[in-house]
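# Summary of structural features
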Amino acid sequence: EQQLSLAFLSSAVFTAAGTAFFAVSLYSLVRRPMLVVLATVPGFYYLAFKMFDPHFGSPWSFANGMESGLSILFFGLLCYLLFSRRFLEPIAPWRVAVVSSIITIIVLSRLDDIFLFLPLFALILIRANDRSNALASAIVAAVIPLVVIGGYLLYNRHYAGLLLPISGVAKSYGLLHPVA
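As a starting point, this report considers the structure included with it. (Residues numbered from 1 in each chain as written. Predicted model: local features only at pLDDT ≥ 70, side-chain atom pairs only at ≥ 80, totals over all residues. Heavy atoms only, no water.)

With that settled, consider helix α3 (residues 68-84). For α3, built from 17 residues, the straight-helix expectation of 24 Å at 1.5 Å per residue is met to within 8% by its first-to-last C-alpha distance of 23 Å. Taken residue by residue, α3 has S68, G69, S71, L73, F74, G76, L78, C79 and L81 as its buried positions. Those residues of α3 that are buried lie in contact with α1 (2-30) and α4 (93-109). (Helix = DSSP H or I, 4+ residues; strand = E, 2+ residues; numbered from the N terminus. Expected span 1.5 Å × (residues − 1). Buried < 20%, exposed > 50% of the residue type's maximum accessible area, 1.4 Å probe, protein only. Contact = heavy atoms within 4.5 Å.)

What follows is the structure, given as structure tokens:
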């Protein structure tokens, strides 16, 4: 019972902190408090789809004792760094390393978020001051997730015989093994 309570409580705290980071980030972009409140609690996604499932898509639905709270926390932190602190202005390899590390942590908490690296690479290509800075930053952005996430996947393969966790294998079955 204590473990379940700890899992739920930590998930609720992580979700609340991530949502707060996101709200501060959004406020720095739009400067409209009511829009920020509406966008974060309950959120536009929830408002659009609440008639289909009122328990899905709201910030409180992520306080579920699973990995969702960590994913929300680190995504909120990422938004805070990028939008409130303008952390990647200017683009520099050490700054890209910090952002790439945070995205790597987000991906480790939820592998579906791997696509967050695409905007990072696009930003590096578009905003880097010169070609050598862009190349160095892109290499840094790629090496961190390749080593960390690649190591995690190889460990899964060695330990369980599967590259992805079982949930990822179940979700990808139709992609890897088309149904006739």
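This brings us to the packing of aromatic side chains. In the structure shown here, the tally under the stated rule is six aromatic pairs. Residues Y45 and F49 carry aromatic rings whose centres are separated by 4.8 Å and whose planes lie at 45° to one another, so their mutual orientation is tilted. Residue Y45 and its partner F49 are located together in helix α2 (residues 33-49), separated by four residues, close to a single helical turn. We classify F49 as partly exposed; its relative accessible area is 37%. Sitting above the plane of the F87 ring, R95 keeps its charged end 5.3 Å from the centroid. (Phe/Tyr/Trp six-rings, centres within 6.5 Å; stacked < 30°, edge-to-face > 60°. Lys NZ or Arg CZ within 6 Å of the ring centre and 35° of its normal.)

Before going further, it helps to examine the packing of α4 against helix α6 (residues 131-160). Packing of α4 against α6 brings their axes to within 9 Å, and their N-to-C directions diverge by 25°. On the basis of their axis angle, the class for α4 and α6 is roughly parallel. When you trace α4 past α6, the crossing you get is right-handed. For the pair formed by α4 and α6, the contact residues are P93, V96, A97, S100, S101, T104, V107 and L108 on the first element and N133, A136, S137, V140, A141, I144, P145, V148, I149 and Y152 on the second. Across the contact of α4 with α6, the residue classes tally to 13 nonpolar, five polar and no charged. (Axes fitted to C-alpha atoms, helices over the stretch in contact; angles between N-to-C directions. Parallel < 35°, antiparallel > 145°, perpendicular 65-115°, else oblique. Left-handed = near helix turned anticlockwise from the far one by under 90°. Nonpolar A, V, L, I, M, F, W, Y, C, P; charged D, E, K, R; others polar.)

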